[in-house]
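Per-entry structural report
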Amino acid sequence: MTQDTINFAGQVAIVTGAGGGLGRLYALDLAARGAAVVVNDLGGSVDGSGSSATAAETVVEEIKAAGGKAIANAADVTDEAAVNAMVADTVAAFGRVDILINNAGILRDKSFAKMEMSNWNKVVDVHLNGAALCTKAVWNVMKEQGYGRIIMTTSPSGIYGNFGQANYGAAKAGLWGMMNTLGLEGAKSNIHINCIAPSAGTRMTETIMDAGTLKMLAPENITPAVVFLCSEAAPTRKVLVAAAGTYTLAEMVETQGIHLAEDDRTPEAIAANWGRIADRTDAEPVNSAMEGVAKLVKAMANA
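Residues numbered from 1 in each chain as written. Predicted model: local features only at pLDDT ≥ 70, side-chain atom pairs only at ≥ 80, totals over all residues. Heavy atoms only, no water.

Let's shift gears to the sheet that holds strand 7 (residues 239-243). Taken together, 8 strands build an open sheet; the order of strands is 3-2-1-4-5-6-7-8 and the sheet is mixed. Looking at which strands have only one partner, the edges of the open sheet turn out to be strand 3 (69-73) and strand 8 (246-250). For this sheet the average axis-to-axis angle between neighbouring strands, irrespective of direction, equals 20°. (Pairing = 2+ DSSP bridges. Helix = DSSP H or I, 4+ residues; strand = E, 2+ residues; numbered from the N terminus. Axes fitted to C-alpha atoms, helices over the stretch in contact; angles between N-to-C directions.)

And the structure:
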């Protein structure tokens, strides 16, 4: 089957956390396909401590050596002033912002019983609030030019849960919710927003995976999914799961449920009918909160 080549000539991309791992691969591929890339990385450790501009600068040199265009940026994604300055510098250098990949992240894993709230706050701040700050900074630029592609990095931990990652999972699930709302708000301006849910062997996972698993979950397998979501052909408000060369779509669905007459609306009736309420036959996605309410009202009217 003939496939059209995805090209980003004339476009500008900001990739956070691009000094290594997945972000570096995204930046290199986008640049190879013609995009001018802002390589953002604070240069800290996996837990978010420390900083250095070296990581971002090294990736920029890789891009330039291959004939691409790129600039380095070491802004902390949780620093609103620094993020706004990064976007202003991007527009000054390249004139626009077409793509934002919110990839920056840290890990501070611990069971909830033992987790200090400072570690909860830091992880949520980087993953959720950092993505919000970066998205807010590019939002009006994309609205004015009538085009934008934004990627949120969620995780199977946010979709399904993972022991010891309550902070990380909460932040990643929050990104799904933010995507759904901003996808509605950005639709008329041709701003498409999607989530990537990657499972990959990176420095964030190398301590919890064996060598065989790390090889199978090579980060290079994630890049095609993200580059597609950056393209003009990208859908919007979707969660693309990627691991080991397999790509699936994750959806939140709602069952058809039951309607209880007013006199039957008791906890006991819900317990007695739980099997019918939880029956996934004909379960379907709901496209907005208002659509969900309308579905429930319709069920009442039909009853």
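Another point: the pattern of salt bridges. All told, the structure shown has 4 salt bridges when counted by the stated rule. For Arg 24, the salt bridge goes to Glu 62, with nearest N and O atoms at 2.9 Å. Placement of the pair is Arg 24 in helix 1 (residues 21-32) and Glu 62 in helix 2 (residues 54-65), with a sequence separation of 38 residues. Given a relative accessible area of 27%, Arg 24 falls into the partly exposed group. Using a relative accessible area of 30% as the deciding quantity, one classes Glu 62 as partly exposed. (Salt bridge = Lys/Arg side-chain N within 4 Å of Asp/Glu carboxyl O. Buried < 20%, exposed > 50% of the residue type's maximum accessible area, 1.4 Å probe, protein only.)

The next thing to look at is the packing of aromatic side chains. Scanning the model with the defined rule gives 1 aromatic pair in all. Judged by centre distance (6.0 Å) and plane angle (65°), the rings of Phe 112 and Trp 120 are edge-to-face. Judged by relative accessible area, Phe 112 falls into the exposed class, the value being 53%. Residue Trp 120 is classed as partly exposed on the basis of its relative accessible area of 22%. (Phe/Tyr/Trp six-rings, centres within 6.5 Å; stacked < 30°, edge-to-face > 60°.)

With that settled, consider the pairing of strand 5 (residues 148-153). In summary, the side chains of a regular strand alternate between the two faces of the sheet. Within strand 5, 6 of the 6 residues are buried, leaving the element largely enclosed by the surrounding structure. A two-sided burial pattern is seen for strand 5, the buried positions comprising Gly 148, Ile 150 and Met 152 on one face and Arg 149, Ile 151 and Thr 153 on the other. Sheet analysis places strand 4 (residues 99-102) next to strand 5, joined by 4 bridges and oriented parallel. Within strand 5, the position partnered with Asn 102 by the bridge is Met 152. As for the winding sense of the linkage, the β-α-β connection from strand 4 through helix 4 (residues 117-145) to strand 5 is right-handed. (Right-handed = clockwise from strand over helix to strand, strands pointing away.)

Inspection of every chain in the model, using the stated rule, returns 1 cavity of 30 Å³ or more. A volume near 90 Å³ is recorded for the largest cavity. In terms of lining residues, the largest cavity is bounded by 14 residues, among which Asn 102, Asn 103, Ala 104, His 127 and Ala 131 are the most central. Secondary-structure elements contributing two or more residues to the lining of the largest cavity are helix 4, strand 5 and helix 6 (166-186). The greatest single-element share of the lining of the largest cavity, amounting to 5 residues, is contributed by helix 4. A class-by-class count of the residues in the lining of the largest cavity yields 7 nonpolar, 6 polar and 1 charged. (1 Å grid on protein atoms, 1.4 Å probe; cavity = no way out; pocket = protein on both sides within 12 Å on 5 of 7 lines; lining within 4 Å. Points joined across faces, edges and corners; volume = space filled by probe spheres on them. Nonpolar A, V, L, I, M, F, W, Y, C, P; charged D, E, K, R; others polar.)

Keep in mind that these numbers describe shape and distance, not what the molecule does.
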